[in-house]
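Inside the fold
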Amino acid sequence: MQVQSLQIRAATENDLEAIVSLFADDPLGGHGDTTDPEALPDYRAAFARITASANETLYVAELDGEVVGTFQTLITTTLTGRGASNMIVEAVQTRADVRGRGVGAAMIAHAIDKARKDGMRFVQLTSNAVRRDAHRFYERLGFTPSHIGFKLKLK
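Residues numbered from 1 in each chain as written. Predicted model: local features only at pLDDT ≥ 70, side-chain atom pairs only at ≥ 80, totals over all residues. Heavy atoms only, no water.

1. Here's the deal with the environment of Arg99
The topology assignment puts Arg99 in the loop between strand S4 (85-94) and helix H4 (103-117). Sequence separation between Arg99 and Asp42 is 57 residues; the distance between their C-alpha atoms is 28 Å. Once you skip the residues sitting within four places of it in the chain, Arg99 turns out to touch Gln93 and Thr94. Within the structure, Arg99 has its side chain in polar contact with the backbone oxygen of Thr94 (distance 2.8 Å). (Helix = DSSP H or I, 4+ residues; strand = E, 2+ residues; numbered from the N terminus. Contact = heavy atoms within 4.5 Å. Polar contact = N/O pair within 3.5 Å; in protein donor to acceptor, adjacent residues only side chain to side chain.)

Structure representation (structure tokens):
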């Protein structure tokens, strides 16, 4: 597969099963994602909420008609930074068999380009603490580990 033919576009509901498969194939994520057909209504409901939001976009990376990656962006505006808006990148996932071929870098570059065009103050993301390879990847792309994130699991 040639990365030059990679297309990054907004996801459609037709992409949903491929996106879920990417997450279900992630041994480190720990999110409980599954391709079990009984879970599909949950994913469809989440997809509907995402696409209904003016501040969220779910993307896919496609090579030769196959979804090989996904990520989501969220725009937040805070009073800090004189009311600046920022882009958060979430749920970055590349299919295992295409890792190391530039798909992830192209997805992040797409998000950064969009943030620049939209006048964002910065792009930020979080990465699971156990994903050392991902940390090196993000640092290579210019991200710096500037903050410590915290989570409180509710479900």
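2. Let's talk about unusual backbone geometry
Non-glycine residue Arg82 carries a positive phi angle of around 60°. When you line up the elements, Arg82 lands in helix H3 (residues 80-83). For Arg82, a relative accessible area of 86% gives the class exposed. In this structure, Ala91 takes a positive phi of about 55° despite not being glycine. Mapped onto the elements of the fold, Ala91 is located in strand S4. (Buried < 20%, exposed > 50% of the residue type's maximum accessible area, 1.4 Å probe, protein only.)

3. Brief notes about the packing of aromatic side chains
How two aromatic rings sit relative to each other is set out by the distance from centre to centre and by the angle between their planes. For the structure on display, the rule yields three aromatic pairs. Taking 4.7 Å as the distance between ring centres and 15° as the angle between the ring planes, the aromatic pair formed by Tyr59 and Phe71 counts as stacked. In this pair, Tyr59 sits in strand S2 (residues 56-63) while Phe71 sits in strand S3 (residues 66-77), placing the two residues 12 residues apart along the sequence. On the basis of relative accessibility, which here comes to 7%, the residue Tyr59 falls in the buried class. (Phe/Tyr/Trp six-rings, centres within 6.5 Å; stacked < 30°, edge-to-face > 60°.)

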